[in-house]
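Architecture and fold: a report
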Amino acid sequence: MKKLIFLSTILFCITPIFAATSTEEESTGVERYAIYIGSNKGGKNREQLLYAGSDAMNFQKTMSEIGGVSEGNSFILIDPNKEKIDETLSQISKKINSGESHAKRSEFIFYYSGHSDENALLLGDIPYDYSSLKTAITEVPSDIHVVILDSCYSGNFIRTKGGQKRKPFLMDDSSVVTGHAYLSSSSTNEYSQESDEIEASYFTNAMITGLRGAADTSGDNKVTLNELYSYAFNDTLSRTESSKAGPQHPNYNITLVGSGDLVLSDISTAEAMLSLSKEAKGKFIIRNEEGKLISEINKSAGQPIFMALPAGQYSAVIIDEYSTKQGYFNLSKEQIYVLDQNSLSSIKRKNNRVRGGSSEDDDEFLSLDGLEETRDENAEPRRGSRRRYIQENEDSSEESPALELVVEVTKESEEDDEDKDETPTIDFDEMDSFHLALVPGFTFLKIDGSHNTVFSAVGLFGSSEKNVFGFQISNFMNVASGSVYGAQFSGFMNISSKEVKGIQATGFMNIGRNIQGAQASGFMNVATDVDGVQATGFLNVAKKVNGVQAGIINIADENNGLALGLINIIKNGVHDLSVTWNSNDMVDCSFKSGTNLLYFTIGAEAPRHTVFDRENATLLEKETGLFYGGLGSRIIVPVCSFDFDFLWKVLFNSTNYTRTERIARDSIIVEQIPSFGFTLTLFPESHINLIGGVNFDIKINGFNDRAFNILNTKLNWNLNNDVSLKPAFFFGMKIR
């Protein structure tokens, strides 16, 4: 380890000399231009992507930091149309032709993340065919064109107009070269995939990780095109070979004239650097301060890896065949930080993960809230109760003119990990078992421990620095910085930073992350994932629900259970506005919202003349209004869907009755009509659909006779002497 520290120090002492020389050469040698496109929308009947835009921004950020693309030469487009892309390509061409740069070579990078098919990029509903795109890119007057496509079937771009795969022939920035390099995320007949776990596409994540240093197999602190493609191919294939969509094989076509290697990133120019030592091995998972995955590297012993990263705070998980270790570290500017599992200080694990457990618990796994540090009592605390321990290089007495070398020394105990349940076990010796207070800061009964809370009852504000195992009760507000395994009760608001396995109940608002239980409030519930119930007097908001949302307004990206409310905005559910005309000459307007399993319907009917020709409508038609509400369920098959609805209609009318009857009924006659119906929708995934079906109003003698004296019903099916069905066939259109 000391040898590694010494060699790293020597390396970064001499780096400024070579970096300065390199910078001077590049300032007159190479000028780079780049366009980064992220398109989440693929048009009709295509699932909207979630991370194409962020992929483009992350790629742009990486190339700006270590890829030599200046801010003035960098163009990022999110969900553009074809015209916007062509306009930007023309703008880049003008910049190159202006002659403002005195570089001996210009390079153009075209990056796209989004939808495509066998023939074109899919920019919403408008395609940009590969032949036209290749022509437009070729017309950019740069010496080298590097095209990176992260989309389905993107291997077809390489084959378009006679393109064929050739052996890479790369060059450095000292050569006079021309040509192109095309990289695609998949072959001609494969899907390209993105992942909620890494919040990115597999291919782009591999490219960025490789550019930041993981692909540098030569150890010269530079990543070449050949190194990058090799790393991205292996990493993408290994992550997707067991996926439902099938393995994903990146592809290439490189035709360049020159010698040497085309360098795409220079990690020695980074603001800060993370070093994985020569001896280190296993899976290294690095996340930034917000918990977003930065890199996931499978490293073998024998070759050190340097990763270029911005200055900031990071968390790391290191997994090998014997143990799992975790911790936080901080990167300062002009600093190299050595992270090695053999130099981690001993820690006591409070929350082991089951090996092979779900990735949904990554955030909990990274937390050090359940860990007790057993080394270096004088270390400087970072971020509240979380602590990071560092020691300066003891082998070097001279101050490094390059990057400061910092070694991570938080080390896990030598005992092997054991499979345990994901819920942390309760250690009463290290808990605040009881915490009773009238106001914050005035506690009259408290047993000190690790600030995990078993029972907390306060007059105004309840707070737990870590997890809650039991109850938090307050008149106003409860906050748990960790997870809640029990219940939070308050008069105003409950907040849990992580998961809730139990209940959040409050008079106003609940906020939680992963809810396995229930949220109950008077006004609003907010959560990421819900396995259970959200119940409120007004608004429920969640990303994914496996259970029930009950409120006036329910909002979710995905609801696989029930949404019980007047307005349900469910991305994968039912949200339809329909207008139809039926055989009884009535115009109907309705709105359906909820899930396919159960949705709510509200609507109104009126005679056609009242809607479109009121001047010629009869008095009876003008004074008649029919409103309804009800429940329904939807079955979706490949090219159509079937709705079954049960409705309760209310007829309002103030004519066709004697004056005595109107006075007795408060001037407005109200008749009630139970009803049910079937609706057929063609191509239900489209935003505008043709619909048709039949509705059956139920006439019950002695209950709603007069309603049908007012309504102009054409057909009648007698079931018995007291009950008959009044069918009406309808057709129209639906907007979703």
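Procedures and definitions
Residues numbered from 1 in each chain as written. Predicted model: local features only at pLDDT ≥ 70, side-chain atom pairs only at ≥ 80, totals over all residues. Heavy atoms only, no water. Helix = DSSP H or I, 4+ residues; strand = E, 2+ residues; numbered from the N terminus. Buried < 20%, exposed > 50% of the residue type's maximum accessible area, 1.4 Å probe, protein only. Contact = heavy atoms within 4.5 Å. Areas by Shrake-Rupley, 256 points an atom, 1.4 Å probe, with all protein chains shown as cover. Expected span 1.5 Å × (residues − 1). Phe/Tyr/Trp six-rings, centres within 6.5 Å; stacked < 30°, edge-to-face > 60°. Pairing = 2+ DSSP bridges. Core = buried A, V, L, I, M, F, W, Y, C linked by side-chain atoms within 4.5 Å. Patch = residues over 30% accessible without salt bridge, like charges linked within 9 Å, V, L, I, M, F, W, Y side chains within 5 Å. Salt bridge = Lys/Arg side-chain N within 4 Å of Asp/Glu carboxyl O. Axes fitted to C-alpha atoms, helices over the stretch in contact; angles between N-to-C directions. 1 Å grid on protein atoms, 1.4 Å probe; cavity = no way out; pocket = protein on both sides within 12 Å on 5 of 7 lines; lining within 4 Å. Points joined across faces, edges and corners; volume = space filled by probe spheres on them. Parallel < 35°, antiparallel > 145°, perpendicular 65-115°, else oblique. Left-handed = near helix turned anticlockwise from the far one by under 90°. Nonpolar A, V, L, I, M, F, W, Y, C, P; charged D, E, K, R; others polar. Polar contact = N/O pair within 3.5 Å; in protein donor to acceptor, adjacent residues only side chain to side chain. pLDDT = per-residue confidence, 0-100.

Glancing now at the overall build of the protein. Summing up its helical and strand segments, the protein has twelve helices and 50 strands in all. Burial status across the protein gives 51% buried among its 736 residues. When contacts within the protein are restricted to residue pairs at least 6 apart in sequence, those whose partners lie at least 24 apart make up 54%. In the structure as shown, the protein presents an accessible area of about 33800 Å², 55% of it carried by carbon and sulfur atoms.

This part covers helix α2 (residues 52-66). A rise of 1.5 Å per residue sets the reference length of α2, with its 15 residues, at 21 Å; its end C-alpha atoms lie 21 Å apart and thus fit the reference within 8%. Looking one or two residues past α2, glycine 68 carries a phi angle of roughly 75°, positive in sign.

Turning next to the packing of aromatic side chains. In the structure shown here, the tally under the stated rule is 17 aromatic pairs. On the basis of an interplanar angle of 20° and a centroid distance of 5.3 Å, the ring pair of phenylalanine 469 and tyrosine 485 is categorised as stacked. Placement of the pair is phenylalanine 469 in strand β28 (residues 468-474) and tyrosine 485 in strand β30 (residues 484-490), with a sequence separation of 16 residues. The buried category is assigned to phenylalanine 469, whose relative accessible area is 7%.

All right, on to the pairing of strand β37 (residues 539-545) then. In this structure, strand β35 (residues 524-526) lies alongside β37, joined through three bridges in parallel fashion. Note on β37: the bridge partner recorded for methionine 524 is leucine 539.

What follows deals with unusual backbone geometry. Positive phi, normally seen in glycine, also occurs at aspartate 79, with a value near 50°. Although it is not a glycine, asparagine 221 adopts a positive phi angle of roughly 65°. Take asparagine 221: it is sitting in the loop between α6 (202-214) and β10 (222-224). Judged by its relative accessible area of 7%, asparagine 221 falls in the buried class.

Here α6 is 13 residues long, yet its end C-alpha atoms lie only 15 Å apart, well below the 18 Å a rise of 1.5 Å per residue gives. Along α6, 13 of the 13 residues are buried, which leaves the element largely enclosed by surrounding structure.

By size, the foremost hydrophobic cluster in this structure holds 48 residues, and its most contacted members are Tyr36, Phe59, Ile148, Met207, Leu274, Phe329 and Leu339. Here this core gets six residues from one element, more than from any other, and that element is α6. Membership of the second largest hydrophobic core comes to 24 residues, among which are Ile35, Phe75, Ile85 and Tyr130.

Before going further, it helps to examine a nonpolar patch on the surface. A contiguous nonpolar patch, built from Leu577, Val579, Ile635, Val639, Phe642, Leu680, Leu682, Phe683, Ile688, Leu690, Met733 and Ile735 and spanning about 1100 Å² of accessible area, is present on the exposed surface. Elements supplying a minimum of two residues to the nonpolar patch: β42 (574-582), β47 (669-682), β48 (688-700) and β50 (723-735). Looking at where leucine 577 falls in the secondary structure, it is placed in strand β42. By relative accessible area, which is 39% here, leucine 577 ends up partly exposed.

The final tally for this structure, using the stated rule, is 19 salt bridges. When the shortest N-O distance is used, the salt bridge between glutamate 107 and arginine 105 registers 2.6 Å. Arginine 105 shares its class with glutamate 107; the two are buried. With a closest N to O distance of 3.5 Å, arginine 239 and glutamate 296 form a salt bridge.

Here four strands make up an open sheet; going across it, the order is β15-β14-β17-β18 and the pairing antiparallel. The strands lining the two open edges of the sheet, one partner per strand, are β15 (293-299) and β18 (324-331). The mean angle between the axes of side-by-side strands here comes to 20°, regardless of whether they run parallel or antiparallel. Alignment of strand β14 (residues 282-288) against β15, held across six bridges, turns out to be antiparallel. Directly across from isoleucine 285, in β15, lies its bridge partner glutamate 296.

Once that is clear, we can look at empty space enclosed by the protein. One pass over the full model with this rule turns up four cavities of 30 Å³ or more. Quantified by volume, the largest cavity comes out at close to 400 Å³. Counting only elements with at least two residues in the lining of the largest cavity, the list comes to β42, β43 (586-594), β44 (599-607), β45 (624-637), β46 (640-653), β47, β48 and β50.

At their nearest, the axes of α2 and α6 sit 10 Å apart, and the two run at 10° to each other. One element, α2, and the other, α6, form an angle in the roughly parallel class. Where α2 crosses over α6, the handedness of that crossing is left-handed. The segment α2 lies against α6, with Asp55, Asn58, Phe59, Lys61, Thr62, Met63, Glu65 and Ile66 engaging Thr204, Met207, Ile208, Leu211 and Arg212. Among the residues forming the contact of α2 with α6, the class breakdown is six nonpolar, three polar and four charged.

Moving on: the side chain of histidine 180. Position of histidine 180 among the secondary structure elements: in strand β7 (residues 178-184). Side chain to side chain, histidine 180 and asparagine 253 meet in a polar contact 2.6 Å long. With near-sequence residues (within four places) excluded, histidine 180 lies in contact with His145, Asn253, Ile254, Thr255 and Leu256.

On to the packing of α6 against helix α7 (residues 225-240). Two elements in contact, α6 and α7, have axes whose closest approach is 9 Å; the angle formed by their N-to-C orientations is 140°. Between α6 and α7, the angle falls in the class oblique. Our pair here, α6 against α7, has a crossing hand that is right-handed. Residue-level inspection shows Tyr202, Phe203, Asn205, Ala206, Met207, Thr209, Gly210, Leu211 and Ala214 of α6 in contact with α7, the latter providing Leu228, Tyr231, Ala232, Asp235, Thr236, Arg239 and Thr240. For the contact of α6 with α7, a count of residues per class yields nine nonpolar, five polar and two charged.

When pLDDT drops low, the exact placement of atoms in the prediction is not to be read closely. When pLDDT is averaged along the protein, the result is 75; 73% of the residues meet or exceed 70. Per-residue pLDDT stays below 50 along residues 425-434; that stretch engages in 34 contacts with residues further than four places along the chain or on separate chains.

So, about the side chain of threonine 681. Examined against the element boundaries, threonine 681 turns out to sit in strand β47. Of note is the side chain of threonine 681, whose polar atom sits 3.3 Å from the side chain of lysine 734. Not counting the four nearest positions on each side in its chain, threonine 681 is found in contact with Val639, Cys640, Ser641, Asn689, Leu690, Ile691 and Lys734.

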